[in-house]
Amino acid sequence: MVPPRVLLGVAGGIAAYKSAELLRLLTETGHSVRVLPTAAALEFVGVATFEALSGEAVHTGVFADVPSVPHVALGKGADLVVVAPATADLLARAAHGRADDLLTATLLTARCPVLFAPAMHTEMWEHPATRDNVALLRSRGVVVMEPASGRLTGTDTGRGRLPDPAEIAELGRLLLERSDALPGDLTGRRVVVSAGGTREALDPVRFLGNRSSGRQGFALARVAAQRGAAVTLVAAHTADLGDPSAVDVVRVGSAAELREAMLGPAQGADAVVMAAAVADFRPAALAPRKIKKGAAEPDPLRLTTNPDILVELVAARRPGQVIVGFAAETGDETGDALHHGREKLARKGCDLLVVNIVGDGKAFEVPDNAGWLLCAGGGETELATGSKALLASYVWDAVAARLKPPSA
Ligand code: C5P
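Presented here is an overview of the structure given in this document. (Residues numbered from 1 in each chain as written. Predicted model: local features only at pLDDT ≥ 70, side-chain atom pairs only at ≥ 80, totals over all residues. Heavy atoms only, no water.)

**So, the site of the ligand**
Close contacts around the ligand come from 13 residues, with Met274, Ala276, Leu310, Phe326 and Lys344 the closest. The contact in question runs from a nitrogen atom of the ligand to an N or O atom on the backbone of Ile309, over 3.0 Å. Protein burial of the ligand: of its 450 Å² of free accessible surface, 89% is covered by the chains. Of all the elements in the fold, those that place two or more residues in the shell around the ligand are helix H11 (309-315), strand S16 (322-329) and helix H12 (337-348). A per-class count over the shell around the ligand returns eight nonpolar, one polar and four charged. (Near = heavy atom within 4 Å. Polar contact = N/O pair within 3.5 Å; in protein donor to acceptor, adjacent residues only side chain to side chain. Areas by Shrake-Rupley, 256 points an atom, 1.4 Å probe, with all protein chains shown as cover. Helix = DSSP H or I, 4+ residues; strand = E, 2+ residues; numbered from the N terminus. Nonpolar A, V, L, I, M, F, W, Y, C, P; charged D, E, K, R; others polar.)

See below:
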């Protein structure tokens, strides 16, 4: 298979140093990458770094290698353009169709998906000029990511930090899978997503847990935020995942904590997605001290049932709210995974249910996912294997289709 051809534009901000990590991630995941820095970007990172990591020549202007007409050839041959970091100046030049270097000229000839990952000081991101430029770019169908919040250059902190390179790479892969995966259709919506696996303590040392990595829930939160939603992510135990940009993350441990953290924000939400693997049972009693080996009492595995948070959310659903459940299923003698999924959708009463087939290394702790999307009242869509962000984009399509217009 021909590797996807990615053009990585790098503008001149301090976050340019992180573009080297993004470049590495893209090449290691099988993309062929050509780096197009601006002249200012080369004040931060040298040509040698980009050439060594990409294996391709690096130029900033249109007058190098003139016979190949690079700004046209590169743009036409690209499957994806990612600009990271995209500075205020780069966004302004792109919005106004300037073509004063190889990167901006290439942006005019590329017809593939374009992803801008902004990085700048909060004041610059919030300035009306930048807001207008971002709106103009988005209105043309290019994706301008919401930046992260956190430490900026100097002593500043706030909105405007470059999203994690892994997140930029994930969204880039998503746009290669599906160029229309990130519309702004959730702008003005509030959504709450749960993710990860709960841990139910047995004693101060041990817990009952599960294999959820949280990747699917994080992908749901990330994709919703980039589609414009205000997102609360209630994260139980997860693999070492970076916080999604522009998402309010609440960390919890047990099912009881997850329940507490979900019920409040869910009240004001347009949509709630329960992607967390919540323990169905917890130890009947929490031993105050470590249970010693060989002790006859207490029986450490006496269990009691946890409340079903999804069922509670459905019972408390406000008018128009869309609720999505997940079901990790295996087939058994009574039916296949899909059969169990249909039964679960009816039993839980949610609007949508994603059925994942688990076992044999599927779904848990891996980057890809597949399954079915079942809708209350009928409708079943098979979700072919793809990234967890791709699956998330299909879930949000279905949610967006069910949400009433904000004014209604
Ligand atoms: O019944 P089962 O655990 O298979 O259902 C899975 C769905 O129910 C998921 O959406 C999960 O987040 C949710 N769930 C819950 N509370 C529980 C158990 C599962 O909300 N105690």
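**A few points about the packing of helix H1 (residues 16-28) against helix H2 (residues 47-54)**
At a minimum axis distance of 9 Å, the contact between H1 and H2 shows a crossing angle of 10°. In terms of orientation, H1 lies roughly parallel with respect to H2. Taken together, the residues of H2 that come into contact with H1 (itself represented by Ser19, Ala20, Leu23, Arg24 and Thr27) are Thr49, Phe50, Leu53 and Ser54. In terms of residue class, the contact of H1 with H2 is made up of four nonpolar, four polar and one charged. (Axes fitted to C-alpha atoms, helices over the stretch in contact; angles between N-to-C directions. Parallel < 35°, antiparallel > 145°, perpendicular 65-115°, else oblique. Contact = heavy atoms within 4.5 Å.)

**So, a positive patch on the surface**
A surface patch of positive charge is lined by Arg289, Lys290, Lys292 and Lys293. As for its placement among the helices and strands, Lys292 is situated in the loop between strand S14 (281-283) and strand S15 (303-305). (Patch = residues over 30% accessible without salt bridge, like charges linked within 9 Å, V, L, I, M, F, W, Y side chains within 5 Å. Salt bridge = Lys/Arg side-chain N within 4 Å of Asp/Glu carboxyl O. Lys, Arg positive; Asp, Glu negative; His and termini not counted. Charge placed at Lys NZ, Arg CZ, Asp CG, Glu CD.)

**Considerations on unusual backbone geometry**
Phi is mostly negative for residues that are not glycine, and the peptide bonds are mostly trans. Ala84 connects to Pro85 through a cis peptide bond whose omega is 0°. As for its placement among the helices and strands, Pro85 is situated in strand S3 (residues 80-86). The phi torsion at Asp65 lies on the positive side, around 55°, for a residue other than glycine. Mapped onto the elements, Asp65 comes out in the loop between H2 and helix H3 (70-77). Positive phi, normally seen in glycine, also occurs at Val69, with a value near 45°. The topology assignment puts Val69 in the loop between H2 and H3. Owing to a relative accessible area of 39%, Val69 belongs among the partly exposed residues under this scheme. (Buried < 20%, exposed > 50% of the residue type's maximum accessible area, 1.4 Å probe, protein only.)

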